[in-house]
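Coordinate inspection notes
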Amino acid sequence: MNNISSYERYQRQMILKEFGEAAQQKLLQAKVIVIGAGGLGCPALQYMAAAGVGTIGIADHDTVALNNLQRQVLYTVNDVGESKAEKAASRLQELNPDIEIIPYNVRLIPQNTLSFVKAFDIIIDGTDNFSTRYMINDACVLLNKPLVYGAVSQYEGQVAVFNYRQNEGDTAVNYRDLFPQPPKDDEVLNCEEAGVLGILPGIIGTMMANETIKIITGIGEPLINQLLTYNALNNQVYQVSLFAGKETRSLIPESEAAFTQTDYEWLCASPSRNAIAPDSPDSYRDRDGFEIDIENFNTLLTSDDITVIDVREPGEIPVVNEFIFERIPLSQLKENLAGIKSNTVVFFCQTGKRSLQAAQWLFDTFGKTKNIYSLQGGILQWKKFQKKQTT
Amino acid sequence: MMSQQNIMPVNIIIFGQLTDITGSSLSLDNITDTDNLVRQLNKLYPALADKKYVVAVDKQVVTTNTVLTNNNTVALLPPFSGG
């Protein structure tokens, strides 16, 4: 710390016995990125900037909307329509001109996420959707970065510190140890659909800043391998311990290259309902009609004149080497449909959603002249089933 | 007094949007393990069957079937996505 104003600015926390100049120095040297400058991100950013976290990245591609102001307290009506990352950065810079604040007005995708995660010491997840949450979690596991997690729904919030080892050799849990697979996008309502009490992300986001500050400075007991649930209506706090799952690592891309190839949007999406034309009964087939369960699929594998097609994008894991199959990523399937010769075709993907889409497309082309199937539950369920059979 | 074992009810605390289906707490008798509990809950609340959640027994998340004894408290924790 090299100037008098810093001593004055941070004086109230520096006089704390466990904190002192040493902890302040650690804060000033820390690099933290907040992904999502919304309900959780705004309060987290405010308190970290105020506390003197030296470098703060803000990643958000969204613009401010009037219905954000109920909980996203960094913005004003004059900011509506403007970039959240940039508005948040300029507001925070006014609060603390002595720290570096870097806005990234970009959407995080697998191709750019790793470079952001690499550039910072701690990642704060303030996003509002499962596909980005799983992507950030996997990136943090791959790059071994602590992830401060928070999420809200209606009147309840969750906070946790993932992927953080206080001592070398400690086990660190991540989000997939809690929820191995993303829910389908219609399985859990988001805030837009379910609503959220504005102050709730304020409380949870502030707790996330607190966890971050504790990790950086080494004071207190961060929520390592713990999930805290807070209920704003009755003030009940419920804290549960988490454990590393044996299969978790197999769900996460094994390399940076595989990560950039993973389609997180697909993992969370429901099959497109537009694909089934409701006004053409001849081509219509109930989407469940294509599904084949694991046991029937395994029986089918032994028959002749069958083509099994992996419609996942290149590099997606798990790798399949237990049976013979072809690879046609869904993105390239339409132009290759005519080349599919077998009378029996089974598509598979990660969870059985993209393969349903593939089955529908093939049916649209060939109709009932082929037996068309989609592996129910995808290769993840299949692998799980096989494992159970052998143990 | 082995017969005592399952007479104490299992207390269940429910979180998030699952409470729309079950309410925020309930207790069930004659529950032997977590798989058994989930089956009973699905019978009582069919809408719960396609919901995603993790089960915690006495504040520890469990991922495999776990025996429940006297007075265990079980929590059902769904994922949240909001931010």
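Residues numbered from 1 in each chain as written. Chains lettered and ligands numbered in written order. Predicted model: local features only at pLDDT ≥ 70, side-chain atom pairs only at ≥ 80, totals over all residues. Heavy atoms only, no water.

1. Some thoughts on the pattern of salt bridges
Residues and elements named next belong to chain A. The tally for this structure, following the rule as stated, stands at 13 salt bridges over all chains. The closest approach of N and O atoms between Glu18 and Lys17, which form a salt bridge, is 3.8 Å. Across the pair, exposure class does not vary: Glu18 and Lys17 are exposed alike. The residue Lys87 makes a salt bridge to Asp79 at a minimum N-O spacing of 3.8 Å. (Salt bridge = Lys/Arg side-chain N within 4 Å of Asp/Glu carboxyl O. Buried < 20%, exposed > 50% of the residue type's maximum accessible area, 1.4 Å probe, protein only.)

2. Some words on the packing of aromatic side chains
Centre-to-centre distance and the angle between the planes together describe a pair of aromatic rings. Under the defined criterion, the tally for this structure stands at 15 aromatic pairs over all chains. Considering the side-chain rings of Tyr238(A) and Phe15(B), the 5.3 Å spacing of their centres and the 45° angle between planes classify their relative orientation as tilted. Residue Tyr238(A) is located in strand S8 (residues 237-241), and its partner Phe15(B) is located in the loop between strand S1 (10-14) and helix H1 (19-22); the two belong to separate chains. Its relative accessible area of 9% is what places Tyr238(A) among the buried residues. Pairing Phe297(A) with Phe323(A) gives two aromatic rings, centres 5.4 Å apart and planes at 80°, and the pair type is edge-to-face. Placement of Phe297(A) in helix H14 (residues 294-301) and of Phe323(A) in the loop between strand S10 (306-310) and strand S11 (326-327) is noted, with a sequence separation of 26 residues between them. Residue class for Phe297(A) comes out buried when judged on its relative accessible area of 0%. (Phe/Tyr/Trp six-rings, centres within 6.5 Å; stacked < 30°, edge-to-face > 60°. Helix = DSSP H or I, 4+ residues; strand = E, 2+ residues; numbered from the N terminus.)

3. Describing the nonpolar core
Grouped together as the largest cluster of nonpolar side chains are 48 residues, with contacts concentrated most on Leu45(A), Met48(A), Val53(A), Ile56(A), Ile58(A) and Ile204(A). In terms of residue count, the dominant contributor to this core is helix H10 (residues 199-217) of chain A (seven residues). For Ile56(A), the contacting residues outside a window of four places in its chain are Val32(A), Leu45(A), Met48(A), Ala49(A), Ile99(A), Glu100(A), Ile101(A), Ile102(A) and Phe120(A). Core analysis: the next-biggest nonpolar cluster, separate from the first, contains 41 residues, Ala139(A), Phe162(A), Leu267(A) and Val54(B) among them. (Core = buried A, V, L, I, M, F, W, Y, C linked by side-chain atoms within 4.5 Å. Contact = heavy atoms within 4.5 Å.)

4. Thoughts on the domain arrangement of chain A
All names here are of chain A. As assigned here, chain A comprises domain 1 (4-267) and domain 2 (271-390). Computed from C-alpha coordinates alone, the two centres of domain 1 and domain 2 are separated by 37 Å. Counting from both sides, the interface comprises 15 residues of domain 1 and, opposite them, 14 residues of domain 2. Contact between domain 1 and domain 2 buries roughly 1,200 Å² in total, counting both sides, with carbon and sulfur atoms accounting for 61%. When residues of domain 1 are sorted by the area they lose upon contact with domain 2, Gln261, Trp266 and Leu267 head the list and together hold 44% of the total. At the junction of domain 1 with domain 2, the criterion picks out zero salt bridges. Linking domain 1 with domain 2 are zero residue pairs in polar contact (both at pLDDT 80 or more), by the criterion used here. (Domains from an automatic or database assignment. Buried area = accessible area lost by both parts, 1.4 Å probe. Polar contact = N/O pair within 3.5 Å; in protein donor to acceptor, adjacent residues only side chain to side chain.)

5. Things to note about the interface of chain B and chain A
At the interface, 22 residues of chain B touch 36 residues of chain A. Approximately 2,500 Å² of surface area, both sides summed, lies buried where chain B meets chain A, with 58% of it carried by carbon and sulfur atoms. In this assembly, chain B and chain A are joined by zero salt bridges. Applying the counting rule to chain B against chain A returns eleven residue pairs in polar contact (both at pLDDT 80 or more). Of all the secondary-structure elements, those providing two or more residues to the side of chain B that touches chain A are strand S3 (54-57), strand S4 (60-62) and strand S5 (73-77) of chain B. Top contributing element to the side of chain B that touches chain A by residue count: S5(B), with three residues. Looking at the side of chain B that touches chain A residue by residue, the class counts come to eleven nonpolar, seven polar and four charged. (Nonpolar A, V, L, I, M, F, W, Y, C, P; charged D, E, K, R; others polar.)

6. Some words on the pairing of strand S6 (residues 156-162) of chain A
All names here are of chain A. In terms of residue burial, S6 counts as a mostly covered element, since seven of its seven residues are buried. Side chains Glu156, Gln158, Ala160 and Phe162 of S6 all project onto a buried face; the interleaved residues Gly157, Val159 and Val161 project onto the opposite face, where all are buried too. Where strand S5 (residues 147-153) and S6 come together, seven bridges link them in antiparallel fashion. Counterpart to Val148 in the pairing with S6 is Val161. Linking S5 back to S6 in an antiparallel pair, the connection comprises two residues, with Gln154 at a positive phi of about 55°. Strand direction decides the pairing type here: S6 and strand S7 (residues 226-231), joined by five bridges, are antiparallel. (Pairing = 2+ DSSP bridges.)

7. A word on the sheet that holds S11(A)
Remark on secondary structure: sheet strands pair via backbone hydrogen bonds, oriented parallel or antiparallel. Residue and element names in this part refer to chain A. An order of S9-S13-S12-S10-S11 is seen for the five strands of this open sheet, with the pairing classed as parallel. The open sheet has two edge strands, strand S9 (291-292) and S11, and neither has a second partner. In this structure, S10 lies alongside S11, joined through two bridges in parallel fashion. What sits directly across from Asp310, in S11, is Arg327. In the packing of helix H16 (residues 354-366) onto the sheet, the strands contacted are S9, strand S12 (344-348) and strand S13 (371-375), and the crossing angle to S13 comes to about 170°. (Axes fitted to C-alpha atoms, helices over the stretch in contact; angles between N-to-C directions.)

8. Describing helix H4 (residues 41-51) of chain A
Residue and element names in this part refer to chain A. With eight of its eleven residues buried, H4 lies for the most part within the structure. For H4, the full list of buried residues reads Gly41, Cys42, Pro43, Ala44, Leu45, Met48, Ala49 and Ala51. Where H4 terminates, the next one or two residues include Gly52, which has phi positive at roughly 95°.

9. Remarks on the environment of Val32(A)
Structurally, Val32(A) is set in strand S1 (residues 31-35). Expressed as a C-alpha distance, the spacing of Val32(A) and Ile122(A), which sit 90 residues apart in the sequence, is 4.9 Å.

10. Re H14(A)
All names here are of chain A. Among the residues making up H14, those that are buried are Ile294, Phe297 and Leu300. End-on view of H14: buried residues confined to an arc of 120°, all on one side of the axis. In H14, the exposed positions angled more than 90 degrees off the buried face are occupied by Glu295 and Thr299. Where the residues of H14 are buried, they touch S9, S10, S12, S13 and helix H17 (378-390). (Arc of directions from axis to C-beta.)

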